[in-house]
Structures are given as C-alpha cells and as structure tokens.
Amino acid sequence: QGWLVESGGGLVQAGGSLRLSCAASGRTFSQFAIAWFRQAPGKEQEFVATISNSGGNTDYADSVKGRFAISRDNAKNTVYLQMNSLKPQDTAVYYCAGTAGYLLGPRQARTYDYWGQGTQVTVSS
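Note that this is a predicted model, so its numbers are computed, not measured. (Residues numbered from 1 in each chain as written. Predicted model: local features only at pLDDT ≥ 70, side-chain atom pairs only at ≥ 80, totals over all residues. Heavy atoms only, no water.)

Engineer: Can you walk me through the overall build of the chain in this structure?
Structural biologist: Along the chain, the regular secondary structure elements total zero helices and 11 strands. Listing the helices and strands of the chain from first to last along the sequence gives β-β-β-β-β-β-β-β-β-β-β. Relative to the globule expectation of 14 Å for 125 residues, the C-alpha radius of gyration of the chain, 13 Å, shows essentially globular dimensions. Seen through its C-alpha atoms, the chain measures out along the principal axes to roughly 40 × 25 × 25 Å. Going through the 125 residues of the chain one by one, you find that 45% of them count as buried. In the chain, of all internal contacts separated by at least 6 residues, the share reaching a separation of at least 24 is 59%. (Helix = DSSP H or I, 4+ residues; strand = E, 2+ residues; numbered from the N terminus. Rg over C-alpha atoms; globule rule 2.2 N^0.38 Å. Buried < 20%, exposed > 50% of the residue type's maximum accessible area, 1.4 Å probe, protein only. Contact = heavy atoms within 4.5 Å.)

Engineer: Please explain the pattern of salt bridges as it appears in this structure.
Structural biologist: As a working rule, side chains carrying opposite charge can pair if their charged atoms are close by. Overall, the coordinates contain five salt bridges when judged by the stated rule. Two residues, Asp 59 and Arg 107, come together in a salt bridge whose shortest N-O distance is 2.7 Å. A residue pair is termed long-range when its members are at least 10 positions apart, and Asp 59 in strand E6 (residues 58–60) and Arg 107 in the loop between strand E9 (92–99) and strand E10 (114–115) qualify at 48 residues. Where salt bridges share partners, they join Arg 38, Glu 46, Arg 67 and Asp 90 into one cluster. (Salt bridge = Lys/Arg side-chain N within 4 Å of Asp/Glu carboxyl O.)

Engineer: Would you mind going over the pairing of strand E4 (residues 33–39) with me for this structure?
Structural biologist: Two faces, one strand: in a regular strand the side chains alternate between the faces of the sheet. A large share of E4 lies buried, amounting to six of its seven residues. One ladder, built from seven bridges, connects E4 with E9; its direction is antiparallel. Residue pairing for E9: Arg 38 is matched across the bridge by Tyr 94. As judged from the five bridges shared by E4 and strand E5 (residues 46–51), these two strands associate in the antiparallel manner. (Pairing = 2+ DSSP bridges.)

Engineer: In this structure, what is going on with the state of the cysteines? I would like to understand it.
Structural biologist: Linking two cysteines covalently through their sulfur atoms gives a disulfide. Tallied over the entire structure, the rule returns one disulfide. Covalently, Cys 22 is tied to Cys 96 through a disulfide, its sulfur atoms 2.1 Å apart. One quick way to see it: the torsion about the S-S bond of Cys 22 and Cys 96 is about 70°, and its sign makes the bridge right-handed. You can see Cys 22 sitting in strand E3 (residues 18–24) and its partner Cys 96 sitting in strand E9, a full 74 residues away along the chain. In terms of burial, Cys 22 and Cys 96 fall into one category: buried. (Disulfide = S-S within 2.5 Å.)

Engineer: Would you explain the sheet that holds strand E1 (residues 4–7) in this entry?
Structural biologist: Backbone-to-backbone hydrogen bonds join strands into a sheet, with any given pair of strands oriented parallel or antiparallel. In space, the four strands of this open sheet follow the order E1-E3-E8-E7, with antiparallel pairing throughout. At either margin of the open sheet sits one strand with a lone partner, and together these are E1 and strand E7 (68–73). Here the average twist between neighbouring strands, direction ignored, is 15°. Note: E3 against strand E8 (residues 78–83), six bridges, orientation antiparallel. Within the sheet, the bridge partner assigned to Leu 18 lies in E8 and is Met 83. (Axes fitted to C-alpha atoms, helices over the stretch in contact; angles between N-to-C directions.)

Engineer: I keep staring at the nonpolar core and nothing clicks. Help me out?
Structural biologist: Here is a general trend for soluble globular proteins: nonpolar side chains tend to be buried in one another's company. Core analysis: the largest hydrophobic core is formed by 34 residues, its most contacted members being Ile 34, Trp 36, Leu 81, Met 83 and Tyr 94. Mapped onto this core, the elements with two or more residues apiece are E3, E4, E5, E7, E8, E9 and strand E11 (119–124). Those residues in contact with Met 83 that lie beyond four places of it in its chain are Gly 16, Ser 17, Leu 18, Leu 20, Arg 67, Phe 68, Tyr 94 and Val 121. (Core = buried A, V, L, I, M, F, W, Y, C linked by side-chain atoms within 4.5 Å.)

Written as structure tokens, this is what we have:
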C-alpha cells in the first residue's frame, strides 16, 4: 500500500450519498494539501475538490459544487469527501492525491506528488 489509501466507494442509486475517506500514514499529514480526482471509463481524469493543509480553504469543480463537501481531520490523518445527491455521471474511480508544495492544492493533477490506488463509485439510475 502507498501513503494514501482511499475507502468508502460502492454502488448507490441516483440521489443517494456516499462518504469517501483518504487515510494517510508515515508522513506529516498536516503539511499536505489533499485533493480528490476522478476518472470515468473512456474519459480524462477530472478534478473534483481540494482542501488546504489546515482545512480552512476548499475548492470544488462546478460539476460537484453544492453536492459534495471535502473536509479533513488532521488528528486522524484523514480527508473525507461527502457526496450527496449523486448522479449517474458521478460514476468513476475516485483518487485522492497530496502535495506539500501549495497551501491549497491546485486543480492540475500534475502538481500532486502522492496518489492513492483509487476507489470505485457507481451510481445507478
């Protein structure tokens, strides 16, 4: 296993909710901005949300704004992605990623140094 490990994916009906977790170990977690990305079959990787190292700043893709919420608990070395009002188009493998180079992680995937293995989210219509 890598430094970041995602969990919480699964199958849910449209309109339902899931909470993803991204757990870390072995490094000073509170120094890292963490983001969520997703990739659907046949599509490019897409930015979802990011949170600053302290948790005080967040940013969301327009496609999830108002439905998803990113948060973190540095005492537990964990970042969460609460996903509500899920839609079939949210179906994808969700990845968390970390960077120590920014206060609030940018939307570009190439700026992240550490990645989890991904967790599948499937939303049925």
